[in-house]
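Structure assessment
Residues per chain, in single letters:
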Amino acid sequence: MTRLTHVKHGPYAPPVAVRELAAVSADGARLHVEVHGPVDAPAAPVVVLVHGWTCSTAFWAAQIRDLCADHRVVAYDQRGHGRSPASPVCSADVLADDLEAVLAATLAPGEKAVLVGHSMGGMTLMAAAGRPGVREHAAAVLLCSTGSSRLVPESLVVPLRPGRARSWLTRKILGSRAPLGPVTPVARRILKYATMGPGSSPVMVEACARIVHACPTKVRHAWSHVLDTLDLDHRVGELTVPTSVVVGTADRMTPPVHARALAAALPDCVSVSELTGVGHMAPVEAPEAVTARIRALVTSYVRTGRDELEEAGA
């Protein structure tokens, strides 16, 4: 791509990974994977970050920058996004395949991690909830700005009353084949309205716009159809590890009704956080709040080599 795929400076400029690798999924798709933090310190707790539709590993810049000081952080590009090549197959099942491949490529057998998914990344975690790889490696989960079904009917991007007209317009907008083009002042205003809270700063909007506009049009269109018909309600109950849910009160893409439904359906929901005035891009708009919830899950549910050594010496 010739256009800038992410900002180069400031808090949302992606940190340089200490290791990069390719994970190979069940159908042969190759996934770009980054590992940040103390990779040679087995005592460091692990966090795995799974981004959403039209995004990339760059979306997690703020979380990676904070966590990598004392965590091993794994982030990967969903197929067709970022540096992962596109695939003709787009479905919730292949998202689950891809996650299992990344976990197998980056974690030791039996090693536990906190799995964090934003938007389509959260849907990835739900789709993979019953998979052996997730059951082996997930100590806890954070579902951020996401939902398990009815994404189009519940969307608030189109300011109309719920019903067929709103759903039809939402489907047309989200599934548009039109290229997004360069990041212009008008493009920033549109992106902010649709995906971010009214108080999001120009720096935040610019960071998100660069990432979203870099997603290939064909990839954006193909995955929009998966999201339109997505129904993972039956998988939520399989996510049996401790799970936190985060949503912004100004999220138009996956409004709080989804978070509340998830909280009611999860077998072990340990917290629900509604971030006032925050939109769909919560990890960018409220990085400290999201990172704090990740750290809380690590502290509560991940046993590290250091913990075991301290207990042995006690």
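Residues numbered from 1 in each chain as written. Predicted model: local features only at pLDDT ≥ 70, side-chain atom pairs only at ≥ 80, totals over all residues. Heavy atoms only, no water.

**Things to note about the side chain of Thr124**
Mapped onto the elements of the fold, Thr124 is located in helix α3 (residues 120–127). A polar atom in the side chain of Thr124 sits 3.1 Å from the side chain of Gln78. Beyond its immediate chain neighbours, meaning those up to four positions away, Thr124 contacts Val50, Tyr76, Gln78, Leu95, Ala96 and Leu99. (Helix = DSSP H or I, 4+ residues; strand = E, 2+ residues; numbered from the N terminus. Polar contact = N/O pair within 3.5 Å; in protein donor to acceptor, adjacent residues only side chain to side chain. Contact = heavy atoms within 4.5 Å.)

**With respect to helix α13 (residues 287–301)**
For α13, which comprises 15 residues, the first-to-last C-alpha distance of 21 Å matches the rise-based estimate of 21 Å (1.5 Å per residue) to within 8%. All buried positions along α13 are accounted for by Pro287, Val290, Thr291, Ile294, Leu297 and Val298. Axial view of α13: buried residues confined to an arc of 115°, hence all on one face. Among the exposed residues of α13, those oriented more than 90 degrees off its buried face are Glu288, Thr299 and Ser300. (Expected span 1.5 Å × (residues − 1). Buried < 20%, exposed > 50% of the residue type's maximum accessible area, 1.4 Å probe, protein only. Arc of directions from axis to C-beta.)

**Describing the sheet that holds strand β7 (residues 243–248)**
If you trace the eight strands from one edge of the open sheet to the other, you get β1-β2-β4-β3-β5-β6-β7-β8, paired in mixed fashion. Here the strands that pair on one side only, and so sit at the sheet edges, are β1 (19–24) and β8 (269–275). Taken over all neighbouring pairs, the strand axes of this sheet differ in orientation by 20° on average, direction set aside. The sheet contact formed by strand β5 (residues 113–118) and strand β6 (residues 138–144) spans six bridges and is parallel. Its bridge partner being in β6, His118 is matched across the sheet by Cys144. (Pairing = 2+ DSSP bridges. Axes fitted to C-alpha atoms, helices over the stretch in contact; angles between N-to-C directions.)

**Some details on the nonpolar core**
Residues Val48, Leu99, Leu115, Met123, Leu143 and Trp223 are the most contacted members of the largest nonpolar core, which totals 52 residues. Here the element with the most residues in this core is helix α2 (residues 92–106); it accounts for eight residues. Excluding its chain neighbours within four sequence positions, the residues that come into contact with Leu143 are Gly117, Gly122, Leu125, Met126, Leu239, Thr243, Ser244, Val245, Val246, Leu262 and Leu266. Counting 41 residues, the second-largest nonpolar core is a separate cluster that includes Tyr12, Ala209, Ile211 and Ala286. (Core = buried A, V, L, I, M, F, W, Y, C linked by side-chain atoms within 4.5 Å.)

**Brief notes about unusual backbone geometry**
Despite not being glycine, Thr54 shows a phi value in the positive range, around 70°. Along the chain, Thr54 turns up in the loop between β3 (46–50) and α1 (61–67). Exposure remark for Thr54: the relative accessible area of 6% places this residue in the buried category. Here Ser119, not a glycine, exhibits a phi torsion of approximately 55°, which is positive. Inspection of the secondary structure assignment puts Ser119 in the loop between β5 and α3.

**Concerning the pattern of salt bridges**
All told, the structure shown has 15 salt bridges when counted by the stated rule. When the shortest N-O distance is used, the salt bridge between Arg295 and Asp66 registers 2.9 Å. Residue Arg295 is located in helix α13, and its partner Asp66 is located in helix α1; the two are separated by 229 residues in the primary sequence. In this structure, the salt-bridge partner of Arg210 is Glu206, at a minimum N-O distance of 2.7 Å. On the criterion of helical spacing, the pair formed by Arg210 and Glu206 is a turn pair, its members being four residues apart in helix α8 (residues 202–213). The network of salt bridges with shared partners includes Glu20, Glu34 and Arg83. (Salt bridge = Lys/Arg side-chain N within 4 Å of Asp/Glu carboxyl O.)

That is the geometry; function is a separate question.
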